[in-house]
Amino acid sequence: MTLPILLDIEASGFGRGSYPIEVGLARSDGSTCAFLIQPLDEWTHWDPKAELLHGISRGRLKREGYPVVEVARWLNDELSEAGIAYSDSWGYDNTWLSLLFHHAGMLPRFRLEALRRLLNDRQLALWKRTKEALIAERGIRRHRAGEDARLLQLTYLRTLDSAT
């Protein structure tokens, strides 16, 4: 079975002025990858509450992050063949993805869709409980982009199995 590709983005905060700081994918084969994003000079918004969630400091981003152009190129390389990835927070993730590609001076060669479009009513009913069970079973650390994307993919798979 080919799994849907899930994308997750961690950000400097929520709302106006926030920007992407980490992007992660769960690929169709179940493997994951994630990259920290080096903040641009004009990206100054920083919400300490967001940092408490994801545990990534601005200093770490400056030291270990990849330039926006490299991250955008990597995303296009990863996703252009499939042409689509899914997100459980489409509104936020699509905004941050657009910001990333805008500042990279590139266009995405894929589209981001809401994960909800893949879910039937039974999966929706099972989603929250299943996701919480997977976090407990696997000791998944939340609010890191690669792990969150894989958690979504695993939740999708388990709810699909339970819904049939």
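Keep in mind that what you see is a predicted model, and the values were worked out from it rather than measured.

On to the packing of helix 3 (residues 68–79) against helix 4 (residues 90–104), then. Running from N to C, helix 3 and helix 4 point in directions that differ by 115°, and their axes come no closer than 8 Å. Between helix 3 and helix 4, the angle falls in the class roughly perpendicular. Considering the relative orientation of helix 3 and helix 4, their crossing is left-handed. Contacts between helix 3 and helix 4 pair Val68, Val69, Val71, Ala72, Leu75 and Asn76 from the former with Leu97, Leu100, Phe101, His103 and Ala104 from the latter. Of the residues assigned to the contact of helix 3 with helix 4, the class counts are 9 nonpolar, 2 polar and no charged.

Before going further, it helps to spend a moment on the nonpolar core. Leu7, Val23, Leu25, Leu75, Leu79, Leu97 and Leu100 are the most contacted members of the largest nonpolar core, which has 28 residues in total. At the level of elements, strand 1 (6–11), strand 2 (20–26), strand 3 (32–36), helix 3 and helix 4 are the ones that each hand at least two residues to this core. No other element matches helix 3, which puts 6 residues into this core. Ignoring anything within four residues of it in the chain, the contact list for Val23 reads Leu7, Asp8, Ile9, Cys33, Ala34, Phe35, Ile37, Val71, Trp74, Leu75 and Ala145.

What counts and how
Residues numbered from 1 in each chain as written. Predicted model: local features only at pLDDT ≥ 70, side-chain atom pairs only at ≥ 80, totals over all residues. Heavy atoms only, no water. Axes fitted to C-alpha atoms, helices over the stretch in contact; angles between N-to-C directions. Helix = DSSP H or I, 4+ residues; strand = E, 2+ residues; numbered from the N terminus. Parallel < 35°, antiparallel > 145°, perpendicular 65-115°, else oblique. Left-handed = near helix turned anticlockwise from the far one by under 90°. Contact = heavy atoms within 4.5 Å. Nonpolar A, V, L, I, M, F, W, Y, C, P; charged D, E, K, R; others polar. Core = buried A, V, L, I, M, F, W, Y, C linked by side-chain atoms within 4.5 Å. Buried < 20%, exposed > 50% of the residue type's maximum accessible area, 1.4 Å probe, protein only.

Don't take any of this as a statement about function, it's just geometry.
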